[in-house]
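The residues making up each chain are set out below.
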Amino acid sequence: MSDALLSVNNFSVMYDVEPPVEAVRNVDFTLRRGEILGLAGESGCGKTTLAYGIQRLLKAPAVITSGSVVFHDGSGEDVEISQLDVEELRRFRWDKISMVFQGAMNALNPVATIGSQLEDVYQVHRPAMSKSERRDAVVELLEIVKVGGERRRSFPHELSGGMRQRVMIAMALALRPQLMVMDEPTTALDVLVQREILRQISELRHKFGFSVIFITHDLPLLLEISDRIAIMREGEIVEINTAERIWSDPQDDYTKKLLSSFPRLTGEKGLVSR
Ligand SMILES: Nc1ncnc2c1ncn2[C@@H]1O[C@H](COP(=O)(O)OP(=O)(O)OP(=O)(O)O)[C@@H](O)[C@H]1O
């Protein structure tokens, strides 16, 4: 099996507005199997556009103007994502790639138990599963993310923000995707809860072998959790390297500037172990 999970080549996205915005410009990178790749850069540099673009989640006025995104499936098949039709893409997004959105924990349905919301994922995407199989799978998922299976009967408002975010991670894990894209998944949480969830994401990807693209403004956080970091500026990746090298030996002037804008980076690195 190849070491690469995703190959992104010469990928560009424009917002067709007046004047046009070249949000992502000629981006190249390879995501390895099982790695956490952090995407860092100032607000508006194109992180979200890139992450959505590779999954073809963008809507007009966004236009993909160049490039290819190839998913090297665990089965050995290479899939050019742009070649998938609407239905194939919908299945692909849940089965192979899942996404945890910014503020996702507020997207849970307030009048349905979290167990029933997780079961819905199986009902739609694994219609052959029986009711008891679905329930067992949900209990297992809730155990995996350390919410606890007994919480399946809880409603979202009965859980803390951190717990709700874990439920969203459970949902993203439900079909055992090979790639999880996380857009500011812990921003709304307090620092301790955030750390605990990050530690868990790191453990889970070792356990299940999925890769993660992790987007945040918070470079110190990325340095802790990522294997490699891509630094974006004005739509381009200006530097991509291991978290250690980005931290100890940044090459690009912009990376240096970004690092110096976080005073806490001058101290010890944090405690999340990769
Ligand atoms: N629907 C849109 N129409 C026009 N321009 C857009 C649209 N969405 C985003 N942009 C522009 O594209 C550029 C990249 O935006 P994007 O949201 O991808 O950046 P980002 O790095 O994810 O920012 P943030 O960290 O604030 O989410 C920005 O200049 C933004 O203003």
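Residues numbered from 1 in each chain as written. Predicted model: local features only at pLDDT ≥ 70, side-chain atom pairs only at ≥ 80, totals over all residues.

(A) Expanded view of the sheet that holds strand β1 (residues 4-15). Taken together, the four strands give an open sheet; going across it, the order is β2-β1-β4-β5, and neighbouring strands pair in antiparallel fashion. What marks the edges here is a single partner per strand, and that holds for β2 (21-32) and β5 (78-80). The sheet shows a mean angle of 5 degrees between the axes of neighbouring strands, taken without regard to direction. Direction of pairing for strand β4 (residues 62-72) relative to β5: antiparallel, over a ladder of three bridges. Along β5, the bridge assignment pairs His72 with Asp78. Across the face of the sheet, helix α1 (residues 47-54) comes into contact with β1, β2 and β4 while running at roughly 60 degrees to β2. (Pairing = 2+ DSSP bridges. Helix = DSSP H or I, 4+ residues; strand = E, 2+ residues; numbered from the N terminus. Axes fitted to C-alpha atoms, helices over the stretch in contact; angles between N-to-C directions. Contact = placed C-beta atoms within 7 Å.)

(B) Region of the structure containing the sheet that holds strand β6 (residues 97-100). Across the sheet, six strands lie side by side as β6-β7-β8-β3-β9-β10; this open sheet has mixed pairing. Of all the strands in the sheet, just β6 and β10 (236-242) have a single pairing partner and so form its edges. Looking at each pair of strands side by side, their axes are set apart by 15 degrees on average, direction ignored.

(C) Spatial organisation of the pairing of strand β7 (residues 179-183). Within β7, five of the five residues are buried, which leaves it mostly tucked inside the rest of the structure. The alternating pattern of β7 places Leu179, Val181 and Asp183 on one face and Met180 and Met182 on the opposite face, and all of these are buried. Relative to β7, β6 runs parallel, the two being bridged by four bridges. Paired with Ile97 across the bridge in β7 is Leu179. With five bridges joining them, β7 and strand β8 (residues 211-215) adopt parallel strand pairing. Residue Val181 lies in a different strand from β8, and its bridge partner there is Ile213. On the question of chirality, the crossover connecting β7 to the parallel β8 by way of helix α6 (residues 191-208) is right-handed. (Buried ≥ 20, exposed ≤ 12 C-beta atoms within 10 Å, placed from the backbone. Right-handed = clockwise from strand over helix to strand, strands pointing away.)

(D) Spatial organisation of unusual backbone geometry. Following Glu18, the chain continues to Pro19 via a peptide bond in cis, the omega torsion being -5 degrees. As for its placement among the helices and strands, Pro19 is situated in the loop between β1 and β2. Cis geometry is found at the peptide bond from Ala60 to Pro61, where omega equals 10 degrees. Tracing the chain through its elements places Pro61 in the loop between α1 and β4. Positive phi, normally seen in glycine, also occurs at Lys146, with a value near 60 degrees.

(E) A look at the domain arrangement of the chain. Entries for the chain in the domain assignment read domain 1 (4-96 + 178-266) and domain 2 (107-176). Counting residues per element, the ones that place at least two in the side of domain 1 that touches domain 2 are α2 (86-95) and α6. Residue composition of the side of domain 1 that touches domain 2, by class: nine nonpolar, two polar and one charged. (Domains from an automatic or database assignment. Nonpolar A, V, L, I, M, F, W, Y, C, P; charged D, E, K, R; others polar.)

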